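# Structural overview for review
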Amino acid sequence: MRMYVSKLAQYTPNQRLDTPAAQEFGFPYSPYEIQEQLMQELFQVLERGQVGIFESPTGTGKSLTLTCGALTWLARHEELVRTEMLARIRGVEQELAELEEESEKSSDWLESQGKSRAQRAELLRLQHLQALLDKQEQQLEQIRKGAKKHKRQGKVHPGKLEELEKDLDPESDSDSEHETADGPQEAAEDRYRPVQIFFCSRTHSQLAQIVTELRKTPHGQSVRCISLGSRQQLCRNPAVRKLKHVGLMNERCLDMATKKARPNPSKKSRLTAETNSRCPFKAASLVESLRDLALTEPLDIEELANEGTACGGCSYYASRSAVEHAQLILLPYQLLLQKSARNQLGISLKASIVIVDEAHNLLDSVAQLHGSEINRQQLERAKVQISAYKEHFQKRFATKNLLKINQIVFIVRRLLKILDQRMESQSNGSSMMRTYELTAEGDFFNIDLCDLLDFCARTRFARKVQGHADRMEREPRPSENQPPVSTARSLILQRLASEQKLKEKPKSVKRKVEDINKEDKAGELQEEQKPPKKPVQEVAPSPIRPLLAFLETLTSNAEDGRILLDPVGGTLKYILLDPAEQFADIVAETRAIVIAGGTMQPTQELKEQLFTGCQDRLVERFYNHVVADDAVLPFVISNGPSGAPLSFKFAHRASAEMLRELSMVLRNLCQVVPGGVVCFLPSYEYLDKVYKYLEQSGTLETISCRKSVFREVSGSAEQLLDNYALAIKRPASGGALLLSVVGGKLSEGLNFADDLGRAVLVVGLPYSNSQSPELRQRMQHLDEKLGPGAGNEYYENLCVKAVNQCIGRAVRHINDYACVYLLDKRFADPKIRGKLPKWISRHIVESNAANGGFGAVQARTARFFKGR
C-alpha cells in the first residue's frame, strides 16, 4: 500500500454562515427543545472555531444531535467555499482587468505594475485552489462509479484470486530508509483538503449506533463516512486472525505485506494466505473497490469487515485509503488521541473538526493512552531476542548500527538490574521517580534516546527482531556467530509460555463451556469420544514494541510524568501526570473541538488541564433532561429501615450493621418497585460480601420469591444482561434485581431503559484507594500545579463522576421513568449534591429520621409507581 505525503491546500471563506432554523438540520424526528438548542449552538461553535463543552443527559439523543448539527454545518461550509471561491476569482479578474486598463493610460509603468502584482498572485492562488477542487470532484465521481461497479460484481469467487493477485506489486517491497512502518512513501502531490469531521467515542459499539442513526437522516444519503479500527476488528486473513494478541496481528500483517509476490503461487497458498507469501486480501484493485463502496454507503466497523470478507479485499487498508476522501471519520479514542496512531493512519487534523463523545473520562483516557508499562518477563525476552538477532547477523551490521543495538541491549540489562537490586534491598515497596532519575540510576543517561528510537523506526528494528525470533522458534539453527539455543533461554521461553496460558485460561474455559452447550442443544456429543487434539503452543507478543514505547516515554518532559517502580510485581510503569502536552497539538491544529458527554460536570479540572491556553475560545453549555420533572424521583437515604445512620465508608461497610441495613433496603424496595432494580456497589469484593450475607440471612430467598436475582462478575457482561432482560420480560414476572459494580461493565455505556431500570441504587461513595501510589502522585502533582486542594478536588470528582454514570443508566427516553436511591448520609452534603446532574439534584428528596425515615421513602415509591 503506497502512502502519499501530500501538500494540502484549503480555502477559508471570508463570509460567516447564518445559524439555521431547527427544522433545517435534517433531524429524523421532531426535535426536543434541548436538541434544537444543542444543534444551533454546536453550529455556532464550529463556525466561530471555538472549543465547546456540552453536557446533554444520557437518553436525550446527544450523539445523533451532534452528528446532524456538525454535518449541516459541513454541507453549508462546503457550499460557501465553492460559491465564494468562484465569486472571488471573478472579482479578482475584474479588478486585474481594471488595473491593466489603468496601466495602459498611466505614464508610470512601474507604479501600475506594482499595483497589479498582488492581484495576479491572488488570482493564481485562487485558480490553483479551484483546479485542485475540480480534481477532487473528479476523483469523487470515480469513487461513486467504482462503488456501483463493486455492487454489480458482488462477492469475489476464489477462482478470481489468481488474476487479482497480479495486483500485488513486488516493486512496493523496497527496503528503503524512507519506508514507514506500514509502507513506502511517494513523492508529494498537491491536493485540496476539505474540512473533515473526526467523531470519536470510547467503543466501536457506540460508533456503530451513530452509523445506524445516520442512515435515518438525509445526511446518510450523501455524506462520505468511514469507520476506522485496528487489524483486530478489520483483518480477514485467517493467518493473521488466528493470532489472539493485536501486537502479534500487526507484526504478521506487516511481515506479509512486505513479502514479494510469488510468480506461480499454488491455489492452496492463495486461498489460505500462508505466512510465507503475500496477503491476497491486499490486492490493490480489491482494496480500491472496497474503499469506493465504504465511501458511498455508511458502514459500521462490523459491516465493513464483512464486506471485506465478501469481496476478498482488506477492510483495514481500504478504510485507511478512504480517510483522505471522507467527510465524517468515526474512530475510537486511541486512534485519535495518540499522535503515533494518527501518523500511522495518515490522519491530519489541520483545520478539521474534532468531536469527542462520551468525554466524561477524557483526562483519564489521555493519561492512560500515553502511559507505558513493561515487566520483567518482557525485558528478559527482549534481551534474549535482541542478543540472538545481533549474534546471528553481527558480521553484516555496519559499525554504527551495531553500536545502536548494543546500546539497546545495555539499557535492557540495566533496567533488569534496577529491578533486581530493588528486590534484593530491604525495602520491597513500590517507589516513584522522575525519568532522569531512572536513566541516572540505570547509568544510561548519556545515551541519546531520541536518536536511538529514530534508528529503530528507520530500520524497522522491532519487526526484524520479531521476525528473526519467530524463525528461530520454528527452526532453531545456529550460525557461525550464534551458539545453539541455551538452556537458560529455553527455560525463560517455557516459563513465559506457561504464564501466557494461565492468563488465557479463564477465556478458554468459557469458550469450552459455550461450545459444549451448543453441542448439547444440537445433540452432537460424538466429539467427546475423539482423542484429544495436540495442544498448540501460543506465540507470545513481541516484547520489542513495548520496550520501545517505554523508552519513548523517557524522552518526555520530566515534569509531565513519573516512573512507578514495583520490584515485587517486576514492573516499570510510566504515568502521565500532565495530559496538556499530549493534547496540545490537537488544540493547535484543529479548527474547532467539541467535548460532549452525559455527565461532564464538574468541568473545572478539564478546562485547567487541557485548555489553559485557549480560555478565550471556550464555550460551555449544560442542558436539562427531556423527561418531565415528575418522571424521576431521586432520594438521598441517610438512615436505614431500622433507623441506623448509613455510612458505607471502606472501614464500616462490611460491618454486620451496614450489611443488615442494606439487605433490608433491598428487600423492602423490591416489594414496591416493579420491573428491574439495578444496585451499584463500590467493588467486586464488597459485592461478594453482600451476596454472601443475603444468602446466609435468608434475604436472597425472600427477594427471589418476587424477583430473579443476578450479580455481575468481572469480565464479559453480555450474557448476564441478556438473562436479566429475559427474566423481566417473562410473563407474570415480578422483575429482577441486578447487583452490579460502580466502574464495572454495566455502569457505563449500557442502556437500562423502561422496565430494565425502574430503580437505580448507588451504595456509598465509591472513592478510589487513596493509598494507591499512582493516585497519590497525581494528587500531589495537581496540588503543585493548580494550588493546594486541587488534588483532593480531583479525588472527589473521580468518585462523583462514577456515581453520575450509574445514575445515567436509567431514564433513556422522553417517556421513561424511574426512581434513584443514593444510600449514604454523605450524599446529603451540599458539596456532593452540587456535583450531581442538575436534573437529579434539584428534585432530590432527603430521607432521615426527622421526616419519616425509610418508611416514608417506601411509601412515596409505591405512590410514584402506582401513579404510572
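Refer to the preceding data block for the structure.
These remarks concern the structure in this document. What you see is a predicted model, and the numbers here were worked out from it, not measured in a lab.

Basis of the calculations
- Residues numbered from 1 in each chain as written.
- Predicted model: local features only at pLDDT ≥ 70, side-chain atom pairs only at ≥ 80, totals over all residues.
- Heavy atoms only, no water.
- Helix = DSSP H or I, 4+ residues; strand = E, 2+ residues; numbered from the N terminus.
- Buried < 20%, exposed > 50% of the residue type's maximum accessible area, 1.4 Å probe, protein only.
- Contact = heavy atoms within 4.5 Å.
- Areas by Shrake-Rupley, 256 points an atom, 1.4 Å probe, with all protein chains shown as cover.
- Pairing = 2+ DSSP bridges.
- Axes fitted to C-alpha atoms, helices over the stretch in contact; angles between N-to-C directions.
- Core = buried A, V, L, I, M, F, W, Y, C linked by side-chain atoms within 4.5 Å.
- Domains from an automatic or database assignment.
- Salt bridge = Lys/Arg side-chain N within 4 Å of Asp/Glu carboxyl O.
- Patch = residues over 30% accessible without salt bridge, like charges linked within 9 Å, V, L, I, M, F, W, Y side chains within 5 Å.
- Lys, Arg positive; Asp, Glu negative; His and termini not counted.
- Charge placed at Lys NZ, Arg CZ, Asp CG, Glu CD.
- Parallel < 35°, antiparallel > 145°, perpendicular 65-115°, else oblique.
- Nonpolar A, V, L, I, M, F, W, Y, C, P; charged D, E, K, R; others polar.
- Phe/Tyr/Trp six-rings, centres within 6.5 Å; stacked < 30°, edge-to-face > 60°.
- Lys NZ or Arg CZ within 6 Å of the ring centre and 35° of its normal.
- Disulfide = S-S within 2.5 Å.

### Side note on the overall build of the chain
- Scanning the chain from N- to C-terminus turns up 33 helices and 20 strands.
- By the burial criterion, 52% of the 868 residues in the chain qualify as buried.
- Across the chain, every contact between residues at least 6 apart in sequence was considered, and the portion connecting residues at least 24 apart equals 80%.
- For the chain, the exposed area adds up to about 40900 Å²; of that, 49% sits on carbon and sulfur atoms.

### Let's talk about the sheet that holds strand S11 (residues 571-576)
- Sheet architecture is open: 4 strands sit in the order S8-S11-S10-S9, paired in antiparallel fashion. A strand with exactly one partner marks an edge of an open sheet, and here the two such strands are strand S8 (372-375) and strand S9 (431-433). For this sheet the average axis-to-axis angle between neighbouring strands, irrespective of direction, equals 20 degrees.
- In terms of strand pairing, S9 meets strand S10 (residues 561-566) through 3 bridges, oriented antiparallel.

### Here we look at the nonpolar core
- Grouped together as the largest cluster of nonpolar side chains are 116 residues, with contacts concentrated most on Tyr724, Leu761, Tyr821, Leu822 and Leu823.
- When residues in this core are grouped by element, the largest group, 8 residues, is from helix H2 (residues 62-105).
- Shared between two domains, this core holds at least three residues of each, these being domain 1 (197-257 + 280-350) and domain 3 (632-867).
- The residues contacting Leu761, other than those within four sequence positions of it, are Val665, Leu666, Leu669, Val677, Val678, Cys679, Phe680, Tyr821 and Leu823.
- One finds Cys279, Ile408, Ile418 and Leu548 within the second-largest nonpolar core, a separate group that totals 103 residues.

### Some remarks on the pattern of salt bridges
- Following the criterion strictly, the structure yields 35 salt bridges and no others.
- The shortest N-O distance in the salt bridge between Lys831 and Glu793 comes to 3.6 Å. Here Lys831 is found in helix H31 (residues 830-833), whereas its partner Glu793 is found in helix H30 (residues 790-807), with 38 residues between them in sequence.
- On the basis of relative accessible area, Glu793 is assigned to the partly exposed category, the value being 28%.
- The salt bridge involving Arg833 is made with Glu846; its shortest N-O contact spans 2.6 Å. Here Arg833 is found in helix H31, whereas its partner Glu846 is found in strand S20 (residues 845-847), with 13 residues between them in sequence.
- Judged by relative accessible area, which is 21%, Arg833 ranks as partly exposed.
- Three or more residues joined by partner-sharing salt bridges are found here, namely Glu793, Glu796, Lys831 and Lys835.

### Considerations on a negative patch on the surface
- Together, Glu95, Glu98, Glu100, Glu101, Glu102 and Glu104 give the surface a local cluster of negative charge.
- In this structure Glu101 comes out as partly exposed when scored by relative accessible area, which is 49%.

### Quick notes on the environment of Ile703
- Mapping Ile703 onto the fold places it in helix H27 (residues 699-704).
- Separated by 34 residues in sequence, Ile703 and Leu669 place their C-alpha atoms 9.8 Å apart.
- The contact partners of Ile703, leaving out residues within four places of it in the chain, are Leu666, Arg667, Cys670, Val709 and Leu737.

### Observations concerning the packing of helix H16 (residues 376-393) against helix H20 (residues 461-474)
- The geometry of H16 relative to H20 is characterised by a closest axis approach of 9 Å and an angle of 85 degrees between their N-to-C directions. Classed by the angle they form, the pair H16 and H20 counts as roughly perpendicular. For the pair H16 and H20, contact is made by Gln385, Ile386, Ala388, Tyr389, His392 and Phe393 and by Phe461, Lys464, Val465, Gln466, His468, Ala469 and Arg471, respectively.
- Split into classes, the residues belonging to the contact of H16 with H20 amount to 7 nonpolar, 4 polar and 2 charged.

### Observations regarding the side chain of Thr603
- Within the secondary structure, Thr603 sits in the loop between strand S12 (592-597) and helix H24 (604-610).
- With near-sequence residues (within four places) excluded, Thr603 lies in contact with Ile53, Glu620 and Phe622.

### A look at the sheet that holds strand S17 (residues 736-741)
- Ordered in space as S16-S17-S15-S18-S19-S14-S20, the 7 strands form an open sheet in which the pairing is parallel. Every other strand in the sheet has two partners, leaving strand S16 (708-711) and S20 as the edge strands with one partner each. When strand polarity is set aside, the average angle formed by the axes of neighbouring strands in this sheet is 15 degrees.
- Inspection of the sheet shows strand S18 (residues 759-763) paired to strand S19 (residues 818-823) by 5 bridges, in the parallel sense. Across the sheet, the residue bridging to Val762 is Leu822, located in S19.
- On top of the sheet, helix H26 (residues 684-697) reaches strand S15 (676-681), S16, S17 and S18; it is set at about 145 degrees to S17, its chief contact.

### What about the packing of aromatic side chains?
- What the rule picks out here adds up to 15 aromatic pairs.
- Plain terms: the ring middles of Tyr389 and Phe397 are 5.6 Å apart, the flat faces sit at 55 degrees to each other, and that makes the pair tilted.
- One aromatic cluster in this structure is built from Tyr389, Phe393, Phe397, Phe455 and Phe461.
- In this structure, Arg653 is placed above the aromatic ring of Tyr686, and the distance from its NZ or CZ to the ring centre is 5.2 Å.
- Here Arg758 stacks its cationic end above the ring of Tyr817, 3.8 Å away from the centre of that ring.

### Considerations on the state of the cysteines
- This model, assessed by the stated rule, comprises 0 disulfides.
- In this structure Cys253 is not part of a disulfide, and its nearest cysteine sulfur, from Cys235, lies 5.9 Å away.

So, to be careful, I would describe these as geometric facts and stop short of saying anything about function.
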